[in-house]
Amino acid sequence: MKYNFNEIEAKWQKYWAENQTFKAVNGSEKPKYYVLDMFPYPSGAGLHVGHPLGYIASDIYARYKRHQGFNVLHPQGYDSFGLPAEQYAIQTGQHPAITTKDNIATYRRQLDQIGFSFDWSREVRTSDPSYYKWTQWIFIQLFNSWFNNDKNKAEDISELEAIFASEGNGTINAVCDDTVEPFTAEDWNAFDSKKQQQIVLQYRLTYLAETEVNWCPALGTVLANDEIVNGVSERGGHAVIRKKMTQWSMRISAYAERLLQGLETIDWTDSLKESQRNWIGKSVGASVTFKVKENDAVIDVFTTRPDTIFGVSFMTLAPEHELVQQITTPEQKAEVEAYVVATAKRSERDRMADVKTISGAFTGAYAEHPFTKEPIPVWIGDYVLAGYGTGAVMSVPCGDERDYAFAKHFNIPIINIFEGVDISEEAFSDKEKTVIGNSDFLNGMNYKKATKRAIYELEQIGQGAGKTNYRLRDAVFSRQRYWGEPFPVYYVDGMPQMIAAEHLPIKLPEVEKYLPTETGEPPLGNATVWAWDTNKNEVVSNDLIDNKTIHPLELNTMPGWAGSSFYFNRYMDPDNQNEIASKEAMDYWKDVDLYIGGSEHATGHLLYSRFWQKFLFDKGVVPVDEFAKKLINQGMILGTSAFVYREEGTNTYVSAGLIKDKKVQALHVKVKYINASDELDIEGLKSDGEFGEDYKAAEFILEDGVYKVGRDVEKMSKSKYNVVNPDDIVSDYGADSLRLYEMFLGPLEQYKPWNTAGITGVHNFLKKLWKLYADDSGLKVSDAKPTKDNLKTLHKTIKKVQEDIENFSFNTSVSTFMIAANELTTQKCTSKEILEPLLVLISPYAPHIAEELWSQLGNKESISTAPFPKFDASHLVESSKNYPISFNGKMRFTMELPLDMSKDDIEAAVLANEKTQEQLAGRTPKKVIVVPGKIVNIVG
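The numbers attached to residues start from 1 for each chain and follow its sequence in the written order. In view of the model being predicted, local features appear only for residues whose pLDDT reaches at least 70, and side-chain atom pairs are presented and counted only at 80 or more, with totals across whole chains, interfaces and linings using the full set of residues. Hydrogens are left out, water is left out, and the side-chain values use all remaining heavy atoms of the structure.

Student: Would you mind going over the sheet that holds strand β20 (residues 531–533) in detail, with residue names and values included?
Tutor: Hydrogen bonds between backbone groups are what pair the strands of a sheet, and the pairing can be parallel or antiparallel. Strand order in the open sheet formed by three strands is β21-β20-β22, with antiparallel pairing between adjacent strands. Taken across any chain shown, the strands that pair with only one partner, and hence form the sheet edges, are β21 (538–540) and β22 (550–552). On average, each strand axis in the sheet is tilted by 40 degrees relative to the strand beside it, whichever way the strands run. Sheet topology note: the β20/β21 ladder contains three bridges and is antiparallel. Directly across from Ala531, in β21, lies its bridge partner Val540. We treat two strands as partners when DSSP finds at least two bridges between them. Here a strand is any run of E in DSSP of at least two residues, a helix any run of H or I of at least four, and the numbering for each starts at the N terminus. Interaxial angle, 0 to 180 degrees, is taken between N-to-C directions of lines fitted to C-alpha atoms, where a helix line uses only the stretch in contact.

Student: Describe in detail the packing of aromatic side chains, supporting the description with residues and values.
Tutor: Two aromatic rings from Phe, Tyr or Trp, using only the six-membered ring of Trp, form a pair when their centres are within 6.5 Å; if the ring planes differ by under 30 degrees the pair is stacked, by over 60 it is edge-to-face, and anything between is tilted. What the rule picks out here adds up to 69 aromatic pairs. Considering the side-chain rings of Tyr653 and Tyr695, the 5.2 Å spacing of their centres and the 50 degrees angle between planes classify their relative orientation as tilted. Taken together, the positions of Tyr653 in strand β26 (residues 652–654) and Tyr695 in the loop between α19 (682–686) and β28 (699–701) put the pair 42 residues apart, joining distant regions of the chain. The same class applies to Tyr653 as to Tyr695, namely buried. Counting as a charge over the ring demands two things of the Lys NZ or Arg CZ atom: a distance within 6 Å of the ring centre and an angle within 35 degrees of the ring normal. The ring of Tyr33 is capped by Lys65, whose NZ or CZ atom sits 4.7 Å from the centre of that ring. Against the face of Phe691 rests Lys670, its NZ or CZ located 5.4 Å from the ring centre. Buried means the residue's accessible area, taken with a 1.4 Å probe over protein chains only, is under 20% of the maximum for its type, while exposed means over 50%, and partly exposed covers the values in between.

Student: Describe the side chain of Ser564, listing the residues and the values that go with them.
Tutor: Within the secondary structure, Ser564 sits in the loop between β22 and α16 (567–570). Pairs of residues are marked as contacts when any of their non-hydrogen atoms sit within 4.5 Å. Sequence-distant contacts of Ser564, defined by excluding residues within four places in its chain, comprise Phe39, Asp79, His605 and Ser609.

Student: Requested: an account of the pattern of salt bridges, with residues and values cited.
Tutor: What makes a salt bridge here is a side-chain nitrogen of Lys or Arg within 4 Å of a carboxyl oxygen of Asp or Glu, nothing more. Tallied over the entire structure, the rule returns 41 salt bridges. The salt bridge involving Lys194 is made with Asp493; its shortest N-O contact spans 3.7 Å. Here Lys194 is found in helix α8 (residues 193–201), whereas its partner Asp493 is found in the loop between β18 (489–492) and β19 (495–498), with 299 residues between them in sequence. Judged by relative accessible area, which is 31%, Lys194 ranks as partly exposed. Classification of Asp493 as exposed rests on a relative accessible area of 53%. Between Arg346 and Asp382 there is a salt bridge; the shortest N-O distance is 2.7 Å. Note that Arg346 is positioned in the loop between α12 (333–343) and α13 (348–353) and Asp382 in the loop between β14 (375–380) and β15 (392–395), a separation of 36 residues in sequence. Through salt bridges with shared partners, one network takes in Lys32, Asp591, Asp593 and Lys629.

Student: Before we move on, can you summarise empty space enclosed by the protein with the specific residues and values?
Tutor: Cavities and pockets are found on a 1 Å grid laid over the protein atoms alone: a cavity is a set of points where a 1.4 Å probe fits but cannot escape, a pocket is an open set with protein on both sides within 12 Å along at least five of seven lines, and a lining residue has an atom within 4 Å of such a point. Grid points are joined across faces, edges and corners, and a volume is the space filled by probe spheres set on the points. On inspection of all chains with the given rule, the structure shows three cavities of 30 Å³ or more. Looking at the largest cavity, its volume works out to about 40 Å³. Around the largest cavity, the lining residues are Phe81, Gly82, Arg481, Trp483, Gly484, Glu485, Thr557, Met558, Pro559 and Gly560. Charged means Asp, Glu, Lys or Arg here, nonpolar means Ala, Val, Leu, Ile, Met, Phe, Trp, Tyr, Cys or Pro, and polar covers whatever is left, Gly included. Each residue belonging to the lining of the largest cavity can be placed in one class, and the counts come to four nonpolar, four polar and two charged.

Student: Provide a residue-level description of the packing of helix α21 (residues 735–744) against helix α24 (residues 810–826), including the pertinent values.
Tutor: Two elements in contact, α21 and α24, have axes separated by 7 Å at closest approach and are oriented at 120 degrees. For the element pair α21 / α24, the angle class is oblique. Along the contact surface, α21 presents Leu740, Met743 and Phe744, while α24 presents Phe810, Asn811, Val814, Ser815 and Met818. In the contact of α21 with α24, the residues fall into six nonpolar, two polar and no charged. Throughout this description, any angle smaller than 35 degrees is read as roughly parallel, any larger than 145 degrees as roughly antiparallel, any in the 65 to 115 degree range as roughly perpendicular, and the remainder as oblique.

Student: Could you give an account of the pairing of strand β12 (residues 314–317), with specific residues and numbers?
Tutor: Of the two faces of β12, the one carrying Phe314 and Thr316 and the one carrying Met315 and Leu317 are both buried. Both β12 and β15 contribute to a ladder of four bridges, which runs antiparallel. Counted as the bridge partner of Phe314 is Ser395 from β15. Summarising the sheet, β12 and β14 pair through three bridges and their orientation is parallel. Pairing of Leu317 across the sheet is with Ile380, part of β14.

Student: Go over the nonpolar core with me, naming the residues and quoting the values.
Tutor: Counting residues in each nonpolar core, the largest one holds 91 residues, and the members touching the most others are Trp248, Phe477, Tyr595 and Trp612. Ranked by residue count, the leading element in this core is helix α5 (residues 129–143), at nine residues. In these notes, a set of buried Ala, Val, Leu, Ile, Met, Phe, Trp, Tyr and Cys residues joined through side-chain atoms within 4.5 Å is what counts as a nonpolar core.

Student: Any chance you could break down α21 for me, citing the residues and the numbers?
Tutor: Where burial is concerned, most of α21 is hidden: nine out of the 10 residues are buried. Every buried residue belonging to α21 is among Ala735, Asp736, Ser737, Leu738, Arg739, Leu740, Tyr741, Glu742 and Met743, and all of these are buried. Backbone geometry just after α21 places Gly746 at a positive phi near 155 degrees.

Student: Got a sec to walk through the environment of Tyr595? Specific residues and values, please.
Tutor: Examined against the element boundaries, Tyr595 turns out to sit in strand β23 (residues 594–597). When its relative accessible area of 0% is taken as the criterion, Tyr595 is described as buried. With 37 residues separating them along the chain, Tyr595 and Ile632 place their C-alpha atoms 6.4 Å apart. Among all residues touching Tyr595, those that are not within four sequence positions of it are Leu36, Asp37, Met38, Tyr567, His605, Leu606, Phe627, Ala628, Lys630, Leu631 and Ile632.

Nothing here speaks to function; it is all geometry.
The following block contains the structure:
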């Protein structure tokens, strides 16, 4: 009986699909367990061997929990809206839906051949109208809600409007725009409908506002901060600038404190929690108002150090601050405008990270110190961000390094307000050792006392108050793309109106081209059928717009994170047409028990998802306000890149060992042309269809008759030609080998280099495992009674594997399997009592071989339903001791005796042994030394 892994794996994948082996049921007497992967974006390149790492880990855990008797939900789907498909559509004219469908087919084939226990009956795709109907529905709920600070939760907007009508807004404690003006009930009732809508929009949890955004001209869209790397777009590496646009935004800032507090209740990695805490950025301090001299304007700042108020020697505004144009003097206008334009080309991340470059411009304006009334020069500088605080800072160079460097660079006076501190070389920022001086009523106070007194005095003059601030900004929710969720929004007299939920989904219209219009509108501006008929409640031709019953629809689409912010709830009841999921389904599954995905989503997907979950909890839609109990970040499998070395200015390539002091350029080449000895297949490279022409006329300088490439470990990427296709691995070694090898590479959370040569080790283990059960004559498992050694091997394996799975130490489990197979082979074990439970232990890791051998042993049901073996510690307790028997101190043989044997019985048993009689040759020993559990020494 041969181990034909390709046939075996195809057989069981077909069986699982036909029998829906891993289909979860809603509502079961079994306890529930929900295992989730961050669902993939289906790119055209398909999977490489790095992608399945987290999926294999989650699959092992899901299978293990089934063996433990849990009703396991382990779904999969596709985050199928996104920029890559749109870019491909722009280049080729092919509709993104077609590209996406083809890419999904490739992903599905690849996922299936690796043997995952997904419940495919629950598959979701964010680009499917039946799915994004609920994305649109959530948007409407957000639009129809406001955040009540007194109750610390979202409430229906109708309740707010009722308060306006009866009391005005004087008593309202809400999260809202800073520009809200007070009004009475009489005022409200006298406002016309449009004015009322404008006011309410300032309170809604999703709202329209002119916002500073990251605009990427090359991609023609706004990008989120987490979509920008080193000042350029993550996708394509294009330049990004800051500009103002009217956008939909979401008041995630309303949930800042709850997002912080919620981190204390969930079992997520410490590094991920810290990333979210830093992103939310809670600061406690004071708001301070500075009047601008000879101008009606005031500058509001937030400071964590109000105790240093007398150390302010200048103020700095973000270049994009709305007051810059208003207060800049004519003499400084040209310099300021040039600086603003230059700053717009830099991302916020770049500006935050660049602590070396000092730049700025003087506005010519002066603010007035709240207490001394002294003039304070107002500058702009790109180290201040419009998106943090108020976009303005009171600069205290004696206590802040950046302010200090700025003041030194521009020769601005530095006031020292710290007693006993020298600031001639650097700022003093140790607030715990602060003693305030040169500060009027704050003199002699420490940081805490001075802070309280400064806030009190500011409140007395009406120019400040204590305040808690958060770095977290409201999330821009508009994208100037085609391939995204359409907003369920139409406009009447310029004001947004929601389409009623019963008419959802509003589907993407057809367009001739996927680029922005000639007038700069988003791609949906190219649609000819994109207006809303309020009589028929349907989408109609733009030509019919009459501003009475037919109105223009929103041209922006939602961002990529929209559909991924609630998909875990939709998996609970994906075919439900009436609600995201039924109450029964949600009450049963509640939340994700184990979530596995990449750490790169810490401040994007995971923060937005927590925000939406908390909002839906407030609205009574979901039963819990955190969607995932436990989250593990898997590491990354790295590729081993290969390089050839071209001499500068030539078409000559020098072997790696010969480059030494030569000036060469290292160029990536495809790893498929490199053998295990790092030797390049030159002819294969020259015949490559993609770039073989580049090398056909090249000269290759060899060493010892071969061309040796250079090697480096890098992120696995198509652009680096170091991608290893799992299809090739599965074909050559089998899916079980791939699964085991990816786990064997190292701890789940670590980064690990891939080396295809290493997979032979786990493949050989599987062949050895097979031989434990079968040989050329067929199955050799018997009903033989297991030996003590057999039972010891099995139970120490049960104990170790269970501990490893519970601790997500999958790499050490693979080692344990190898040890068990070696020991049982040495023991010549054929006992079904040992070999059958061993298969259950191995099946989460290598399910195909386990299913096949399980079936060969006569089992009719899938091994996935078998209970996990119970550990019996008694088999690991040593009941006997192999005593070394010595004569005059020299060990002659060993003898196994029970550990509980008495000293006299041990002596009698040893003396009666034939080997002892041979050693004594009829002599009577002088003395017998017995140390129970250790040694026996016969003297004489």
